[in-house]
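# Structural overview for review
Residues per chain are reported as follows:
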Amino acid sequence: MAEKINGFDSEEYWHEKLEITFDFDDNEEDFTTVVPTSKIKFSHLPHKDVSANTANELTTSHSSEKVGFDAVVDSSLPSTQLIEDHLISMKLEPRSSLKDIKNQTSPIHTVKRMVLGQSFFLEHFKSKKAKFQLLDCAIQIKDGSIITAIVLFLKRTLKQSVFIQEVLQRPEAVSHYLYYLKSSSEFRELLDLLVLLGRTDEAGMLNYKLAIKTAQPEKKLKLLQHCQRNHFQSDPSLSMYFHLLSEQISLLERQLPIEENDIRQEKEGINSVFQEIPRPASLVNNSVITTLYYCCLYHWELPENNFASPQAIKKAHQLTDKQFVWTALGALTQRQQWKEIENLFQSKSWLGGTKMRCCIGFDKVVDVLCLHKAPIEVVAKYLKLVDGLEKRLNLAKKYKCHQVVVDTLVLMKDRLGLEDYKQKLLPHSTEHLYLQEALRASTIKWKN
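Residues numbered from 1 in each chain as written. Predicted model: local features only at pLDDT ≥ 70, side-chain atom pairs only at ≥ 80, totals over all residues. Heavy atoms only, no water.

### Considerations on the overall build of the protein chain
Just so we agree on the cut-off: Numbering goes from the N terminus for both helices and strands, where a helix is a DSSP run of H or I of at least four residues and a strand is a run of E of at least two. Relative accessibility under 20% of the residue-type maximum defines a buried residue, over 50% an exposed one, and the middle range a partly exposed one, all with a 1.4 Å probe and only protein chains included. Here, two residues are considered to be in contact whenever any of their heavy atoms come within 4.5 Å of each other. Here the open area of atoms and residues is found with the Shrake-Rupley method and a 1.4 Å probe, where only the protein chains shown may cover a residue.
For the protein chain, the helix and strand inventory stands at 25 helices and two strands. Within the protein chain, the proportion of its 448 residues that are buried is 40%. Considering only contacts in the protein chain between residues 6 or more positions apart, those separated by 24 or more positions represent 56%. Looking at the protein chain as shown, the accessible area adds up to about 25,900 Å², and 53% of this sits on carbon and sulfur atoms.

### With respect to the side chain of histidine 432
Along the chain, the position of histidine 432 falls in helix α25 (residues 430-440). A relative accessible area of 11% places histidine 432 in the buried class. Excluding residues within four positions of it along the chain, histidine 432 makes contact with Lys422, Leu425, Leu426 and Pro427.

### Quick look at the confidence of the model for the protein chain
Operational definition: pLDDT is a per-residue confidence score from the predictor, ranging from 0 to 100.
Residue-level pLDDT values for the protein chain average 81, and 77% of them are 70 or greater. Summarising per-element confidence for the protein chain, the mean pLDDT is lowest in helix α4 (residues 69-72) (35) and highest in helix α16 (residues 288-298) (97). In this model residues 1-99 is a low-confidence stretch, pLDDT under 50, and it forms 117 contacts with partners more than four residues away in sequence or in other chains.

### Points about the nonpolar core
Spelled out, the test is: Among the buried residues, those of types Ala, Val, Leu, Ile, Met, Phe, Trp, Tyr and Cys that are joined through side-chain atoms within 4.5 Å form a nonpolar core.
Among the nonpolar cores identified, the biggest contains 55 residues, and Phe345, Val365, Leu369, Tyr382, Leu383 and Leu418 are the most heavily contacted of them. In this view, leucine 383 contacts Val366, Arg392, Leu395, Ala396, Cys401 and Val404; residues no more than four positions away in its chain are not counted.

### Focus on the pattern of salt bridges
Stated formally: Salt bridge, as applied in this entry: a Lys or Arg side-chain nitrogen positioned within 4 Å of an Asp or Glu carboxyl oxygen.
Summed over the entire model, instances satisfying the criterion amount to 17 salt bridges. The partner of arginine 170 in a salt bridge is glutamate 166, and the shortest N-O contact between them spans 3.3 Å. Its relative accessible area of 2% is what places arginine 170 among the buried residues. Overall, glutamate 166 belongs to the buried group, its relative accessible area being 11%. One salt bridge connects arginine 279 with glutamate 266, and the closest N-O pair in it is separated by 3.2 Å. Separated by 13 residues along the polypeptide, arginine 279 in the loop between α15 (273-276) and α16 and glutamate 266 in helix α14 (residues 242-268) bring together distant segments of the chain.

### Things to note about unusual backbone geometry
Glycine aside, residues mostly have negative phi angles, and peptide bonds mostly take the trans form. Of note, lysine 142 is a non-glycine position whose phi angle comes to about 65°, a positive value. As for its position among the elements, lysine 142 is in the loop between α7 (128-141) and α8 (144-157). Positive phi, normally seen in glycine, also occurs at glutamine 336, with a value near 60°. Summarising the element assignment, glutamine 336 is placed in the loop between α18 (321-334) and α19 (338-345).

Here is the structure:
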């Protein structure tokens, strides 16, 4: 025994023995009938702080059962001093104090031992009243880890109905328990508890998050439909998202048959586009714009009554003209469908003819065409349609469309500009000769 006491003087002992537990076999008395010690580690338990206002409300509402915090820990002492005083007392009486744990079964002493990291018994609290006095005492201290540990002990030792009924009366305990359930991914119990608390909007959003994380598309679709019926359709606080969820479900219902059919066509070699431009990935679970791009790339020719028709997607999801043109232009340029691009911009005039119009501006069309390395004659066609001579000139110079540069300078009647640009062209080239012809034109009234 003397050796054990002397061992406390070494620095190595305090590094190794900072968390004190004991074995009943080391004591002189026979404790074999005592329930084994609860050795709960708190460092891994998730917890969060609760506001002072909530704590004050809880203290008031449970004042008949709670013992003041000052009775548990002397608030006049800083926490470091408390620990130092406790370690000194343990050094002086290393084992004899542990023999008294059996008799220290009040909520105050138990929570005190939990705060100080000492061994403690929770199994001694048998009655419902004693167990919830223990919880109330922990709530007063506002230590999230201890609150969580006691709540889990109550869950394990009480009937589910009793546990839920009593815990729901203590909002701070509920808050820590909800956080624990979320951190430990016990989502089914978390959903049930949120519904019991009347927090149906949170339950609905949690159900939605779980649904969209489902990997299997068919199962995901069913979960989203279930979530829509049970939460977003009936809960007023979620009604604003009902339309968005409906569109997501509608898109997934469209993607699944398209994906199935395209896999079959790709294997059988029915659609030649799949050989020219192999599918990079599955269509399912992509956005509506990505779906539109995919269908413009592989199914541009389909009529509107087909699920994979780009026009059908635009109509079903109420896409704007700009969204449609931007997406279709990129897909058709990748396929080098220059005639289809021209048809995209043709519209009927008042007199029954056709006119080229573009809602995104022909300057953006030129940028997209050059990005995909379209032929220069195709680029030139749309450069001439760019509004504003200065903007047209700058774009033509940027993409080295020499003929359009010359035509634009002629329209601007800028002879000096032509002379300057001639220096940048290769002598006797086609562009150089074209510029020389423009300079010799007698019908142009130059401004300089």
